[in-house]
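Here are the chains, one letter per residue:
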Amino acid sequence: MTWSLLLNEAVLLACILAGAAVGLWLHRRVASGGADGVVDRSDMGRLGETIGFIGGAFGILLGLLLIFSVQHFGDARNAARDEAVASSSLFKSASPFSQAERDLLRRDLVCLMRSSATDDWTSGENKDLTGSSTTNAWEARVQSDVEALSYDTDARSGYQYFIVQDSLDVSKARQARLLYTQPDIPLAIWIIIWVCTFVFIGLLAFHLGDRRWLVRMSIIAVSIVLLVTIGTLTALDEPFTGSGSSVTPVALNGALTRLQDATPGPIWDPCPPMPVTTANSGG
């Protein structure tokens, strides 16, 4: 559970309690002043339309935000899958080249995929748009390997477009994944949700103030729905934080396992520590 989820839930709960307290206080004030003709107590029963309007508008807002959050989560998951697919394609595109060039590219690509699934994922959980410095170094090394390939035969020249395109796709998918670590719902929207919660709970408590058991049941039911909804929104809006529902490197790890089963060899040895440099050396 992340601090942002805890903060949203805490602020929402505070709005619920404050709204209920203000609504009950206003109900007592209005009820006590009604006998003097200040406010007709029967007017409190006409709040149903206002509560219905605010509740309907609030429900539509939460529904739209839930749709957007699900889309944001899905886009982040698709970016992670695209990265795995592009990496697998780049691995296979190296087949026509000499064994030395092929093994060097594949070895560095394997280390890049491993670093993406570990170091880079940690950076994503921390919402770091720059990614892991180790992963950045492996990515630069793979790019250098691609640029150093020898296209001295017709077969290799025919693969030049595909291997360059695959390397670009790996980079683009990784960058997209890092961008999706940022929440999509701005603070202004959260403020609107908190204000709507305060007003709606306040009106509900004011409207049902003379029936305490109904007030308690209504506020508890509404609070449960709001807390669960807001918690889900926050979790889906931060797809890499691990707060209940998160995107994990399943696709990358699955691609690594599949490629290793199909192409065993020394390229799958543990990766050495990568200094933060773009120099290309045999690994």
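Please refer to the structure placed before this passage.
Residues numbered from 1 in each chain as written. Predicted model: local features only at pLDDT ≥ 70, side-chain atom pairs only at ≥ 80, totals over all residues. Heavy atoms only, no water.

### Considering the overall build of the protein
Stage number 1. Looking only at helices and strands, the protein has 10 helices and zero strands in total.
Stage number 2. In the protein, the succession of helices and strands from N to C terminus is α-α-α-α-α-α-α-α-α-α.
Stage number 3. When burial is assessed residue by residue, the protein has 42% of its 283 residues classed as buried.
Stage number 4. Just so you have it, the protein exposes about 14200 Å², and 63% of that area is on carbon and sulfur atoms. (Helix = DSSP H or I, 4+ residues; strand = E, 2+ residues; numbered from the N terminus. Buried < 20%, exposed > 50% of the residue type's maximum accessible area, 1.4 Å probe, protein only. Areas by Shrake-Rupley, 256 points an atom, 1.4 Å probe, with all protein chains shown as cover.)

### Quick notes on the side chain of Ser87
Stage number 1. Looking at where Ser87 falls in the secondary structure, it is placed in helix H2 (residues 48-93).
Stage number 2. For Ser87, the contacting residues outside a window of four places in its chain are Leu109, Met113, Val170 and Leu252. (Contact = heavy atoms within 4.5 Å.)

### Points about the side chain of Ser93
Stage number 1. Mapped onto the secondary structure, Ser93 falls in helix H2.
Stage number 2. With a relative accessible area of 7%, Ser93 lands in the buried category.
Stage number 3. From its side chain, Ser93 meets the backbone oxygen of Ser89 in a polar contact 2.8 Å long.
Stage number 4. Within polar-contact distance, the side chain of Ser93 engages the side chain of Asp166 at 2.7 Å.
Stage number 5. Sequence-distant contacts of Ser93, defined by excluding residues within four places in its chain, comprise Tyr159, Phe162, Ile163 and Asp166. (Polar contact = N/O pair within 3.5 Å; in protein donor to acceptor, adjacent residues only side chain to side chain.)

### Details of helix H8 (residues 187-207)
Stage number 1. In this model, H8 (21 residues) spans 30 Å end to end at C-alpha, consistent with the 30 Å of a helix rising 1.5 Å per residue.
Stage number 2. What H8 keeps buried is the set Trp190, Ile193, Trp194, Thr197, Phe200, Ile201, Gly202, Leu203, Leu204, Ala205, Phe206 and His207. (Expected span 1.5 Å × (residues − 1).)

### Let's talk about the packing of H2 against helix H9 (residues 212-237)
Stage number 1. One can describe the packing of H2 onto H9 by two numbers: an axis separation of 8 Å at closest approach and a directional angle of 30 degrees. On the basis of their axis angle, the class for H2 and H9 is roughly parallel. For the pair H2 and H9, the sense of crossing is left-handed. From H2, Phe58, Leu62, Leu65, Leu66, Ser69, Val70, His72 and Phe73 reach across to H9, where they touch Leu226, Thr229, Ile230, Thr232, Leu233, Leu236 and Asp237. (Axes fitted to C-alpha atoms, helices over the stretch in contact; angles between N-to-C directions. Parallel < 35°, antiparallel > 145°, perpendicular 65-115°, else oblique. Left-handed = near helix turned anticlockwise from the far one by under 90°.)

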